[in-house]
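Residue strings, one per chain:
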Amino acid sequence: HSITGTIAAIDGAQLIAIVAASPARGIAPDANNPGQPTSLVRWDRVAQEMSGEHGVYVVLSQLVGFEGGKGFPGGGIVVGPTGDVIARAPVFEDVMLPVRVDLDEIGRARAATPLLADLELKLPHLLEALGERRKNPRPERNEGPSDSTRPRGPVAPRFAQGEVMQPSLAIDPALTTRWLIEFLRDEVTRRRKFTKVIVGISGGIDSAVVAYLAAAAFGPENVIGVRMPYRASSPDSLEHARLVVKATGIVERTVDISAAVDGYAAASGLPSTPQRLGNVMARMRMATLFDLGAALDAIPLGTGNKSERLLGYFTWHADDAPPVNPIGDLFKTQLRALAEGLGVPEQIINKPASADLVAGQTDEGDFGITYARADPLLELLLQGHSDDAIQAAGFTVAEIALVRKRLDGTHWKRRLPSVAMVSQTAIGEYYLRPVDY
């Protein structure tokens, strides 16, 4: 962008327009840029550097909307010739932003910073030198193996050697809330044409956050919260689920799944185990949501977080079955921060996370590691760091082995069923492009 801006400015450009369709990334808090995705801050910096260096106006226009879960944030800016932002569009909002520019400012800016004049003199010589370089390329200094033969190891860490790696999972709750609300509106209403959603309210933090987001996105009257107790469920789960219903004002329904689960267990003719019975409960709850959704013309929302999904801690074709999930890319520790920002009751935020399929069950008890330890460890693994580097960051060999085993052993649960491709039009499987009619 800097080279392009230089050439354009030397050629007489007074205003450079950048039209971008870059998906938003990053929800970390930024005191200097509150409410902006991290990737948008980088785009702002590019535009400001270009305008400040060359004394031109820069207009950065960003795509707004969603596509397959990818959020395009909008938030375009107009930067003056001194590098100052003179107008900014809101994020995740499609707007027309009228701005009047004063072209006389260009002359004053270039007089104060005469970099462009220097470049005008030097550019012909630089281009000539570049042409000579292309005709007579210099020999490579590196006498080692070429890129194609060099052994490839783990992805290089993004930290300096010897620096303790501690990835920050802090979030900007206001930005994250706005992002997820717009995601829900796009996926549910604009793309799938539903006006109502249905959520299983378990009394836990995940479903509570989804209920709060859905109520804000569609209005509480269009959100159906379903409590689905089994006869052995904790009474606290029902009580906390009702707290969510009362706090959000969403529509409440209760469906006791005990008879259905026990009926299947008896009909199967096999003695039940706690794990199998828990899977039946999870799938019965999801069958209930889809059936009620069909009856009430409402689409089910998913409530599985990133930690559970990476660790494989969910029932396949149950917890992760809904077609729209607003929290699937948030770690459990991040969800707690988001829940605080949304105003979820403290007793829900602070209680031990539990699938509540077996009496006394907790997530962290099943894992053998806390979310506070597992989440940053998972992030380091996703970034490609080696076990040795992660150990140097303060994690034990046992912790790394436990989390890696769960991560590596549950890939199949995060994918759709494998289909044998025997034609050129296999649905979603064609090797050159996805096919779906």
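Each chain carries its own residue numbering, running from 1 in the direction its sequence is written. For a predicted model such as this one, the threshold for reporting local features is a pLDDT of at least 70, and the threshold for listing and counting side-chain atom pairs is 80 or more; totals across whole chains, interfaces and linings nevertheless cover every residue. As a rule here, side-chain values cover all heavy atoms of the structure and leave hydrogens and water aside.

> Honestly, helix H11 (residues 332–342) in this entry has me stumped. Any pointers?
In an α-helix, one turn spans 3.6 residues, which is why side chains three or four residues apart end up on the same side. To sort residues, take the accessible area from a 1.4 Å probe on protein chains only and compare it with the maximum for the residue type: under 20% means buried, over 50% means exposed, and anything in between is partly exposed. Helix and strand labels come from DSSP, where a helix needs a run of H or I of at least four residues and a strand needs a run of E of at least two; each type is numbered from the N terminus. Every buried residue of H11 is listed here: Lys332, Gln334, Leu335, Leu338, Ala339 and Leu342. Buried residues along H11 cover an arc of 145° about the axis, so they all sit on one side. Structural note: H11 exposes Glu340 and Gly341 on the side pointing more than 90 degrees away from its buried face. Contacts made by the buried residues of H11 are with helix H5 (173–191), helix H6 (205–218), helix H10 (306–311), helix H12 (346–350), helix H13 (363–367) and helix H14 (371–382). Once H11 finishes, Gly343 follows within two positions and takes phi at roughly 90°, a positive value. The arc in question is traced by the directions running from the helix axis to the C-beta atoms. Whether two residues touch is decided by their heavy atoms; if any such pair falls within 4.5 Å, the residues are in contact.

> Mind showing me how you'd approach the pairing of strand S9 (residues 251–254) here?
Regular strands place side chains that alternate from one sheet face to the opposite one. Judged from the four bridges that link them, strand S8 (residues 223–227) and S9 form a sheet pairing that is parallel. Residue pairing in the sheet places Gly225 in a bridge with Glu252 of S9. Tracing the backbone out of S8, into helix H7 (residues 235–248) and back to the parallel element S9 gives a crossover that is right-handed. Between any two strands, pairing holds if DSSP finds at least two bridges. For a crossover, the right-handed case is the one in which the path from the first strand over the helix to the second runs clockwise, viewed with the strands pointing away from the viewer.

> What's the story with the sheet that holds strand S5 (residues 77–79) in this structure? I'm lost.
In any sheet, the strands associate via hydrogen bonds between backbone groups, in a parallel or an antiparallel arrangement. Strands sit in the order S1-S2-S5-S6 across an open sheet of four strands; the sheet is mixed. Every other strand in the sheet has two partners, leaving strand S1 (15–20) and strand S6 (85–88) as the edge strands with one partner each. Looking at each pair of strands side by side, their axes are set apart by 15° on average, direction ignored. Here three bridges tie S5 to S6, and the two strands are oriented antiparallel to one another. For Val79, the partnering residue across the bridge sits in S6 and is Val85. Where helices are involved, their axes are fitted lines through C-alpha atoms of the stretch in contact, as for all axes, and angles between N-to-C directions lie from 0 to 180°. Sheet contacts for helix H2 (residues 38–54): S1, strand S2 (57–62), S5 and S6; angle to S2, the most-contacted strand, approximately 160°.

> Can you walk me through the packing of aromatic side chains in this structure?
The geometry of an aromatic ring pair comes down to the distance between the two centres and the angle between the two planes. Pairing of aromatic side chains requires ring centres within 6.5 Å, counting the rings of Phe and Tyr and the six-membered ring of Trp. Pairs whose planes differ by under 30 degrees are stacked, by over 60 edge-to-face, and all others tilted. In total, this model carries six aromatic pairs according to the counting rule given. Geometrically, the ring pair formed by Trp316 and Trp412 is edge-to-face, given 5.4 Å between the ring centres and 75° between the ring planes. With Trp316 in the loop between H10 and H11 and Trp412 in the segment after helix H16 (397–408), this pair connects stretches of sequence that are 96 residues apart. For Trp316, a relative accessible area of 23% translates into the label partly exposed. Overall, Trp412 belongs to the partly exposed group, its relative accessible area being 49%. Ring geometry for Phe367 and Tyr371: centres 5.4 Å apart, planes at 90°, overall edge-to-face. A relative accessible area of 4% places Phe367 in the buried class. Given a relative accessible area of 0%, Tyr371 falls into the buried group.

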